[in-house]
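# An overview of the molecular structure
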Amino acid sequence: MKRIREKLGIWLLVVSLGLIMSSLTVILSVHYWAHTEAGQVPPKTAVLLHAIHHNLVTPNMKAPKFFSTSGVSRFTSEIIEIPVSDGTRIQSKIYKPTAEGPHPIILYYHGGAFMEGYGNIHTHDNIVRSLAARTNSIVIAVGYRVAPAHPFPAAIEDSYDALNWAYNNAAEWDGDNSKIAVAGDSAGGNIATVVTLMARDRNGPDIQAQALLYPLTTFQDIEFDSRLKYDSGYYLLSRNVMLRARDTYTPDESLWVHQYTSPLEADQLYDLPPAIIITAEFDPLRDEGEAYAKRLAEHGVPVETIRYNGVMHGFISFYEVMYRGNHGLANTAKFLHTSFEERPAYQPYNLQVYNGKTTRAMKIKDQAEAYAIGSFLLGKQAISIFE
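All chains use their own residue numbering, which begins from 1 and follows the written sequence. Reporting of local features is limited, given that this is a predicted model, to residues whose pLDDT is at least 70; pairs of side-chain atoms are given and counted only at 80 or more, and all residues count toward the totals for whole chains, interfaces and linings. Where side-chain values are given, they derive from all heavy atoms of the structure, hydrogens and water being excluded.

### A few points about the overall build of the chain
What counts as a helix is a DSSP run of H or I of at least four residues, what counts as a strand is a run of E of at least two, and both are numbered from the N terminus. When you go through the chain residue by residue, the secondary structure sums to ten helices and eleven strands. Expressed as a percentage of the 387 residues in the chain, the buried residues total 54%. In these tables, accessible area is a Shrake-Rupley quantity obtained with a 1.4 Å probe, and a residue counts as shielded only by the protein chains included in the view. On the chain, roughly 18200 Å² of surface is accessible, and the fraction owed to carbon and sulfur atoms is 54%. Using a 1.4 Å probe on the protein chains alone, a residue whose accessible area is under 20% of its type maximum counts as buried, one over 50% counts as exposed, and one in between counts as partly exposed.

### Section: the environment of His150
Its location among the elements puts His150 in the loop between β6 (138–142) and α4 (154–168). Separated by 98 residues in sequence, His150 and Thr248 have C-alpha atoms that sit 9.1 Å apart.

### Observations concerning helix α7 (residues 239–249)
If you check which residues of α7 are buried, you get Val241, Met242, Ala245, Arg246, Thr248 and Tyr249. Contacts are residue-level and defined by heavy atoms, with any inter-residue pair within 4.5 Å sufficient. Contacts made by the buried residues of α7 are with α4.

### Some remarks on the packing of α4 against helix α5 (residues 187–201)
It is at 9 Å that the axes of α4 and α5 come closest, and there the two elements cross at 65°. Here α4 lies roughly perpendicular to α5, going by the angle between them. The handedness of the crossing between α4 and α5 is right-handed. Contact residues: α4 offers Ala155, Ile156, Glu157, Ser159, Tyr160 and Leu163, while α5 offers Ile191, Val194, Val195, Met198 and Ala199. All amino acids are sorted into three groups, where Ala, Val, Leu, Ile, Met, Phe, Trp, Tyr, Cys and Pro are nonpolar, Asp, Glu, Lys and Arg are charged, and the leftover types, Gly among them, are polar. For the contact of α4 with α5, the per-class residue count stands at nine nonpolar, one polar and one charged. Axis angles are defined between N-to-C directions and span 0 to 180 degrees, where every axis is a line fitted to C-alpha atoms and, for a helix, only to the segment in contact. With respect to orientation, any angle under 35 degrees is reported as roughly parallel, any angle over 145 as roughly antiparallel, any angle of 65 to 115 as roughly perpendicular, and every other angle as oblique. What makes a crossing left-handed is the near helix being turned counterclockwise from the far one by less than a right angle; a clockwise turn instead makes it right-handed.

### Comments concerning the pattern of salt bridges
Take a side-chain nitrogen of Lys or Arg and a carboxyl oxygen of Asp or Glu: if they are within 4 Å of each other, that pair is a salt bridge. Overall, the coordinates contain 13 salt bridges when judged by the stated rule. For Arg202, the salt bridge goes to Glu157, with nearest N and O atoms at 2.8 Å. With Arg202 in the loop between α5 and β8 (209–213) and Glu157 in helix α4, the pair connects residues that are 45 residues apart, well separated along the chain. Looking at Arg202, the relative accessible area reads 38%, which means it is partly exposed. Overall, the relative accessible area of 23% leaves Glu157 in the partly exposed class. Two residues, Asp287 and Arg286, come together in a salt bridge whose shortest N-O distance is 2.8 Å. We note that Asp287, like Arg286, is buried.

### Overview of the pairing of strand β10 (residues 303–312)
Most of β10 sits inside the fold, with nine of its ten residues counted as buried. By the bridge criterion, seven bridges tie strand β9 (residues 275–282) to β10 in an arrangement that is parallel. Across the sheet, Ile277 pairs through a bridge with Thr305, a residue of β10. By convention, a crossover is right-handed whenever its connection, traced from the first strand over the helix to the second and viewed with the strands pointing away, goes clockwise. What joins β9 to β10 is helix α8 (residues 286–298), and the crossover it makes is right-handed. Note that β10 and strand β11 (residues 351–354) share four bridges and pair parallel. Residue Ile306 lies in a different strand from β11, and its bridge partner there is Gln352. The β-α-β motif built from β10, the intervening helix α9 (residues 323–341) and the parallel element β11 has left-handed crossover chirality. For two strands to be treated as a pair, DSSP must find no fewer than two bridges joining them.

Shape descriptors only; they carry no functional weight alone.
The following block contains the structure:
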């Protein structure tokens, strides 16, 4: 019996040492990942960047079930086809509240560098679904056509046609065409604001608000600090992809200064809908998004501008596992919902900077989740070695 106890004690000691070493490996790995080429990032950002950079996860992967909530859905969704001006139809997806309307309408334009293979209505479905729930609105994810098969102006013409279609067919979907907003991220943020310019210039539907998530606002070769510092691709958007997108979407260089490709270069931005513009600290598009917000304010447009520190391009797509992403999506939804009820008051340009919650409990929770994800990633990497 004594020998059995001794063996059991040794076994427990070995297991304990193994667990300690394993925990130390995870902690040291996350700490190492947090020191990136352009500076230190928070633990959660570090593990996600490491995972994506090593093809362990992709931006469109669903979050683990323990991060999601269950319950009866308050929405229906279906794939639809929207007719566009050249006689073709574009596949889109619509989320509609089950409650009786009429409901506000949001058109969402997905990111993806204007090119095939970088984004579609399915890769951004989590954002669209959440916006519908948080704003109690009909949300239409517009499947605009992309380059190289369909260069400029196909994407913006499809997107503008979708706006007109939503306006003219609102009653069919129990929608309120007096309450329409546009939203988009990255390339989709560019398209969203271009649609507002087109609606103004063509006397199109009245748009109540625009929500631009880390938008591309100019194709010009402007040496923004963020473009120079974060364009390697480690922060989810590289200079090579941006250049390829520009050359593919706008092969004619004269288009790079057109206001419908580079709204930052527009001569005047008067009479545009109120905007919320969200940027990310570690994002090559950060400075041009904020520059566009400043120009909107200079032209009398109410604009709320928020920079989220500690995160990268596309961070709102990870809102299920990043509280900064969830915070950004919540602010977006709040702005849109409020804008449907009352036009936001004009304020001079003011850049708000969000550094994240600083409570001890929140920091511990965020680090614990980062280490849990880090442990999973290390295990996945180890398994891949032997596959």
